[in-house]
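# Structural description and commentary
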Amino acid sequence: MSQAQTYTPGEFQWSFLHPKYWGVWLGIVFLMILAILPWAIQYRLATFLGNLAFNKLKSRRKTTLRNLEVCFPEWSPEQVQDNARQVFVDQMLGVFETLNAWYCPQWFKKRVTIEGLEHIQTAQAAGKGVLLLGTHSTLLDAGGYLCAQYFEPDVVYRPQNNPLLDMLIYRCRATIYANQIDHDDMRGLIRNLKNGHAIWYSPDQDFGLKQGVMAPFFGVPAATVTAHRRLLKISKAVAVPLYFYRHGDVANPKYHLLIEPVVDNLPSEDEVDDAARVNQIIERQLRIAPTQYMWFHRRFKTRPEGYEKIY
């Protein structure tokens, strides 16, 4: 059990005033100051920090470049390089967007549009829970805030190892999400789905074949989680693709929520086909705004015998 799991989520403890946590407190105050800066300054800082991270984080840069090479073979080497750099800038922009969602949510006023809300509303009106199939977008919790302007989303989260940091993040997210469900709390997740909740779930990372199957992702076999099949089957919920992204002039950005129709016949009797279909949904989403995805994760890490090594 991790340290973050030894207390009630969001609960303050007097031990958090111990000197060993002062660095975290100072960091939070610094982030709150950053959150009140004008977007023009945030954008410049994000660009500087993103370029700095791209140059300094060699392993993450190498992974990002390789992922883009594999997934976008039509791109030239120059396009791969430019887009990889933009991934890091978008990640830093996402940090500021998350800070704005937590501390200055009014910044998003009149910046958000939505398409397809009726797909969630229709399912919930029929008494169905909704599993929102999304991605690990660089928008981070800002995307959750955008959703919360139109419906009540729940989120699956992994507790932080530092209990103070976990408390602070949990409390910030509590202003956005109706419920926060520990990633190990499958009973709670299923219960909320059975009760008709809409839950944001991202089945887009490589957790090995103990939790998934090999299925094509951008035409390349990748370990793909299948837990959502069991969740849908047990809860009788429906799967609805969800994607949010920044668009327009980055100096005055807009945000769009795209909610697609319910995925038919999911789960089916074929888990590999189901995994491939979900990957196709994610591919379609990522092509809308390719650099607003966390490509620095090793998406093709698992390579069973007979499969080409990617990294």
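Think of each chain on its own: its residues are numbered from 1, step by step along the sequence as written. Local features in this predicted model are restricted to residues whose pLDDT is 70 or higher, and side-chain atom pairs enter the listing and the counts only when it is 80 or higher, whereas totals over whole chains, interfaces and linings include all residues. For side-chain calculations, the full set of non-hydrogen atoms in the structure is used, while hydrogens and water are omitted.

Counted only if it meets this: UniProt positions are given in the numbering used here, feature names are shortened, and annotations may be inferred rather than shown by experiment.
As annotated in an unreviewed UniProt entry, the protein is Lipid A biosynthesis acyltransferase from Acinetobacter tibetensis. Turning to the protein, the UniProt annotation filed under Catalytic activity (unreviewed entry) states: "an alpha-Kdo-(2->4)-alpha-Kdo-(2->6)-lipid IVA + a fatty acyl-[ACP] = an alpha-Kdo-(2->4)-alpha-Kdo-(2->6)-(acyl)-lipid IVA + holo-[ACP]". We quote the UniProt Subcellular location (unreviewed entry) comment for the protein here in full: "Cell inner membrane".

### Looking at the pairing of strand S6 (residues 212–217)
To keep it simple, the criterion reads: Note on exposure labels: buried denotes an accessible area under 20% of the residue type's maximum, exposed denotes more than 50%, and partly exposed covers the range between, all computed with a 1.4 Å probe on protein chains only. The numbering of helices and of strands both runs from the N terminus, where a helix is a DSSP run of H or I of at least 4 residues and a strand a run of E of at least 2. For two strands to be treated as a pair, DSSP must find no fewer than two bridges joining them.
Within S6, five of the six residues are buried, which leaves the element mostly enclosed by the surrounding structure. Joining the antiparallel neighbours S6 and strand S7 (residues 220–225) is a turn of two residues, in which Phe218 adopts a positive phi near 55°.

### Regarding the UniProt feature "short sequence motif: HXXXXD motif" (unreviewed entry) in the protein
With numbering aligned to this structure, UniProt lists the feature "short sequence motif: HXXXXD motif" (unreviewed entry) at residues 136–141. Here residues 136–141 is 17% helix and 0% strand, with 10 Å between the C-alpha atoms at its ends.

### Considering the UniProt feature "transmembrane region" (unreviewed entry) in the protein
Sequence positions flagged by UniProt for "transmembrane region" (unreviewed entry) are, in local numbering, residues 22–41. The span residues 22–41 shows a helical share of 85% and a strand share of 0%, and its end C-alpha atoms are spaced 27 Å apart.

### Brief notes about the sheet that holds strand S5 (residues 198–201)
The following threshold applies: Throughout, an axis means a line fitted to C-alpha atoms (over the contacting stretch in the case of helices), and angles, computed between N-to-C directions, take values from 0 to 180 degrees.
Strand order across the open sheet formed by seven strands is S1-S9-S8-S2-S5-S3-S4, with mixed pairing between neighbours. Because the sheet does not close on itself, it has two edges, and the strands there are strand S1 (112–115) and strand S4 (179–182). In this sheet, neighbouring strand axes are inclined to one another by 25° on average, regardless of whether the strands run parallel or antiparallel. Direction of pairing for strand S2 (residues 130–133) relative to S5: parallel, over a ladder of four bridges. By the bridge assignment for S5, Leu133 is matched with Tyr201.

### Looking at the pattern of salt bridges
Basically, it comes down to this: Think of a salt bridge as a Lys or Arg side-chain nitrogen and an Asp or Glu carboxyl oxygen that are within 4 Å of each other.
For the structure shown, the criterion picks out nine salt bridges. Notably, a salt bridge pairs Arg66 with Glu69, separated by 3.4 Å at the nearest N-O pair. Placement of both Arg66 and Glu69 in helix H3 (residues 58–71) is noted, with a separation of three residues, approximately one turn of the helix. With a relative accessible area of 40%, Glu69 lands in the partly exposed category. The residue Arg246 makes a salt bridge to Asp90 at a minimum N-O spacing of 3.1 Å. Taken together, the residues Arg246 in strand S8 (residues 238–247) and Asp90 in helix H4 (residues 77–103) connect sequence positions 156 residues apart.

### Quick notes on the state of the cysteines
The line we're drawing: The disulfide criterion used throughout: a pair of cysteine sulfur atoms within 2.5 Å.
Applying the stated criterion across every chain yields a total of zero disulfides. Counting only cysteine sulfurs, Cys172 is the nearest neighbor of Cys147, a cysteine outside any disulfide, at a range of 18 Å. A relative accessible area of 2% places Cys147 in the buried class. We note that Cys172 lacks a disulfide partner, and the nearest cysteine sulfur, in Cys104, lies 11 Å from it.

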